[in-house]
Amino acid sequence: MYKKPADAHQAKLAPATRIAHGGLDPSAFHGFVNPPVVHASTVLYPDIQGTIDRTQPYTYGSSGTPTTDALRALVLELEEAEDCVLTPTGRAANACALAALVKPGDHVIVLDNVYFPTRKFCDGFLTRFGVTTTYVDPLDHGAVAAALEMPTAVVFLEAPGSQTFEVPDIPHLATMAREAGATTIMDNTWATPLYFQPIAHGIDISIQSATKYFGGHSDLLMGTVSGNGEPMAKVRAAWQDLGLHVGPEDVFLTMRGIRTLDVRMERHARNARIVSEWLSGNPLVHRVLYPALPGAPGHEMWKRDFKGASGLLGITFKDRTREEVIRFIDGLALFGIGYSWGGFESLATLAPMPSLRSATTWPEDEAVVRLHIGLEDPGDLIADLDNSLKAAFAA
Ligand SMILES: *Cc1c(COP(=O)(O)O)cnc(C)c1O
């Protein structure tokens, strides 16, 4: 017999230990540490009675395999949830959770700083099904209370918010929503469940774009939706109805990525802290939007509720022309220009502010550049930023 892996979740082991042990069951696979990558559509049954009873653990490829179950078990260790579904993208995770929890005529509240495709899903897809959305200032809890006066099915938040990194009082919002009878969904991609556990803070449904830090290597797309009880049962039913199956190779890569989540996150956070401190002392930079930085917007709330930080931050420029800001980004040598983040490499993008907001405004004259601080040497990144800032702005 092989040692049975510890039931880490039950044993209250530390997150790093859960990351190393979660989802492993060597006794089921001849002792091999990792589960096999099961490629499957058809699952055979011993006889027709088997297809009628459907009591065997696996029934069809899209309903789950030992490979998907291993990743699910690992994610559940981190989320401390009862159930989890894997989706083909983070975007699909958000869409599946929202679609699962509303019906025609319902009202949802969405914080104004969510990832743009989430807003687009509400304004487009959900509108076609007669669901209305109210956007609220992420830092104005009175506005949330006012919006909750209208019967509300779902409150959706992302924290820190995409592009501008505001940090609301998440447990307070979760309590307000629960008292009003609404289900809460949180996109927790920035912190990962390693550094913020939505469910332990009163959120019903926790979402991760696993494309980012779970995968960690810029080579896959994946999403996870986790939760408990009736809301999660509805998500699972929608997931099944929509056929949101994920390919086994991507599941394998995601699981390989998560095994090093703890060490990668620690380094991303350390590098981002060093780079953000340098940026905040640079007179060419107006503001640094990184909640882990003392004095930055959202720092107090981040310190109260989060156990750590990731490598994604924003920097702003005041009264600069668009051409100057673009010249700064184009002039960076070590920062790739591209979407997504959470991989090992540094990236820069121009945030499309002041559009993307409807309940709040962003100053017309304050440009935001989003930086993902990768695993490079922070001294090299600072030298690169310094060169490009000087070339773009100091002339
Ligand atoms: C990238 C991202 C998503 C979507 O993930 P994909 O896998 O790229 O679809 C969702 N939420 C946030 C906050 C993201 O940054």
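Just so it is clear, the structure is predicted and the values come from calculations on it, not from any experiment.

Cut-offs applied
- Residues numbered from 1 in each chain as written.
- Predicted model: local features only at pLDDT ≥ 70, side-chain atom pairs only at ≥ 80, totals over all residues.
- Heavy atoms only, no water.
- Near = heavy atom within 4 Å.
- Polar contact = N/O pair within 3.5 Å; in protein donor to acceptor, adjacent residues only side chain to side chain.
- Areas by Shrake-Rupley, 256 points an atom, 1.4 Å probe, with all protein chains shown as cover.
- 1 Å grid on protein atoms, 1.4 Å probe; cavity = no way out; pocket = protein on both sides within 12 Å on 5 of 7 lines; lining within 4 Å.
- Sits in = over half its atoms within 2 Å of the grid points.
- Helix = DSSP H or I, 4+ residues; strand = E, 2+ residues; numbered from the N terminus.
- Nonpolar A, V, L, I, M, F, W, Y, C, P; charged D, E, K, R; others polar.
- Phe/Tyr/Trp six-rings, centres within 6.5 Å; stacked < 30°, edge-to-face > 60°.
- Buried < 20%, exposed > 50% of the residue type's maximum accessible area, 1.4 Å probe, protein only.
- Lys NZ or Arg CZ within 6 Å of the ring centre and 35° of its normal.
- Salt bridge = Lys/Arg side-chain N within 4 Å of Asp/Glu carboxyl O.
- Pairing = 2+ DSSP bridges.
- Right-handed = clockwise from strand over helix to strand, strands pointing away.
- Contact = heavy atoms within 4.5 Å.
- Axes fitted to C-alpha atoms, helices over the stretch in contact; angles between N-to-C directions.
- Domains from an automatic or database assignment.
- Buried area = accessible area lost by both parts, 1.4 Å probe.
- Parallel < 35°, antiparallel > 145°, perpendicular 65-115°, else oblique.
- Left-handed = near helix turned anticlockwise from the far one by under 90°.

S.K.: Help me out: how do you make sense of the site of the ligand in this one?
M.R.: Every one of the 14 residues lining the ligand counts as a neighbour, but Gly90, Asp187, Ser209, Thr211 and Lys212 are closest to it. A distance of 2.6 Å separates a nitrogen atom of the ligand from a polar side-chain atom of aspartate 187. Relative to its free-state accessible area of 380 Å², the ligand is covered by the protein chains to the extent of 91%. Spatially, the ligand is embedded in the largest pocket. Here the element with the most residues in the shell around the ligand is helix α5 (residues 90-100); it accounts for three residues. The residue makeup of the shell around the ligand, split by class, is three nonpolar, seven polar and four charged.

S.K.: I would appreciate a short explanation of the packing of aromatic side chains in the present structure.
M.R.: What describes a pair of aromatic rings is the distance from one ring centre to the other and the angle between the planes of the rings. In this structure the tally under the stated criterion is nine aromatic pairs. Summarising the aromatic geometry, the rings of phenylalanine 121 and phenylalanine 125 are spaced 4.7 Å apart at their centres and angled 15° between planes, so their arrangement reads as stacked. In this pair, phenylalanine 121 and phenylalanine 125 are both assigned in helix α6 (residues 116-128), four residues apart and thus about one turn of the helix distant. Judged by its relative accessible area of 34%, phenylalanine 125 falls in the partly exposed class. Feature note: the residues Trp190, Phe196, Tyr290 and Phe306 constitute an aromatic cluster, connected by ring pairs. For the cation-ring pair, arginine 119 lies above tyrosine 135, with the distance from its terminal atom to the ring centre recorded as 4.1 Å. Above the ring of phenylalanine 125, the side-chain terminus of arginine 128 is found at 5.4 Å from the ring centroid.

S.K.: Would you take a moment to explain the pattern of salt bridges for this structure?
M.R.: Close approach of charged atoms allows side chains with opposite charge to pair. Summed over all chains, the structure comprises 15 salt bridges. Where arginine 119 meets aspartate 112, a salt bridge forms, and the shortest distance between an N and an O atom there is 2.5 Å. Its relative accessible area of 6% is what places arginine 119 among the buried residues. In this structure, the salt-bridge partner of glutamate 230 is lysine 234, at a minimum N-O distance of 3.6 Å. With glutamate 230 and lysine 234 both in helix α10 (residues 229-242) and four residues apart, the pair spans about one turn of that helix. Residue lysine 234 is classed as partly exposed on the basis of its relative accessible area of 39%. Sharing partners across several salt bridges, the network here consists of Asp69, Arg72, Asp83 and Arg236.

S.K.: Can you walk me through the pairing of strand β3 (residues 132-136) in this structure?
M.R.: Side chains on a regular strand alternate between the two faces of the sheet. Bridge count for strand β2 (residues 107-111) against β3 is five bridges, and the pairing is parallel. Each residue of the ladder has a partner; that of valine 110, found in β3, is tyrosine 135. Handedness of the crossover is the feature at issue here: the chain leaves β2, passes through α6, returns alongside β3, and the resulting connection is right-handed.

S.K.: I keep staring at the sheet that holds strand β8 (residues 287-289) and nothing clicks. Help me out?
M.R.: Strand pairs in the sheet, formed through backbone hydrogen bonds, run parallel or antiparallel to each other. Strands sit in the order β8-β9-β12-β11-β10 across an open sheet of five strands; the sheet is mixed. The open sheet terminates on both sides in strands that have one partner only, identified here as β8 and β10 (336-337). Where strand β11 (residues 347-350) meets strand β12 (residues 366-372), four bridges bridge the pair, whose relative direction is antiparallel. What sits directly across from threonine 349, in β12, is arginine 370. Sitting on the sheet, helix α12 (residues 261-280) is in contact with β8, β9 (312-318) and β12, with an inclination near 10° to β9. With respect to the sheet, helix α14 (residues 322-330) is in contact with β9, β10, β11 and β12, its orientation differing from that of β11 by roughly 165°.

S.K.: What's the story with the domain arrangement of the protein chain in this structure? I'm lost.
M.R.: How large an interface is tends to be reported as the accessible area lost when its parts come together. What the domain assignment reports for the protein chain is domain 1 (11-258) and domain 2 (261-392). Centre-to-centre, using C-alpha coordinates, domain 1 lies 27 Å away from domain 2. Residue-level contacts link 41 residues of domain 1 with 42 residues of domain 2. Interface area, domain 1 with domain 2, both sides summed: about 3500 Å², of which 61% is carbon and sulfur.

S.K.: Would you take a moment to explain the pairing of β12 for this structure?
M.R.: Across the seven residues that make up β12, a large majority, six, are buried. Of the pairings in the sheet, the one linking β9 to β12 comprises seven bridges and is antiparallel in character. Each residue of the ladder has a partner; that of leucine 313, found in β12, is leucine 371.

S.K.: Mind showing me how you'd approach the environment of isoleucine 207 here?
M.R.: Mapping isoleucine 207 onto the fold places it in strand β6 (residues 205-209). The buried category is assigned to isoleucine 207, whose relative accessible area is 1%. Separated by 16 residues in the primary sequence, isoleucine 207 and glycine 223 have C-alpha atoms spaced 7.4 Å apart. Beyond its immediate stretch of four places on either side in the chain, isoleucine 207 contacts Ala93, Asn94, Ala97, Ile185, Met186, Asp187, Asn188, Thr189, Thr224 and Val225.

S.K.: Is there a simple way to explain the packing of α5 against α6 in this structure?
M.R.: The description of two helices packed together rests on the angle between their axes and the distance between the axes. The interhelical angle for the contact between α5 and α6, taken along N-to-C directions, is 40°, at an axis separation of 10 Å. The orientation of α5 with respect to α6, classified from their angle, is oblique. The handedness of the crossing between α5 and α6 comes out as right-handed. Every residue of α6 that contacts α5 at Arg91, Asn94, Ala95, Leu98 and Ala99 is listed here: Pro117, Thr118, Lys120, Phe121, Cys122 and Leu126. For the contact of α5 with α6, the residue count by class is seven nonpolar, two polar and two charged.

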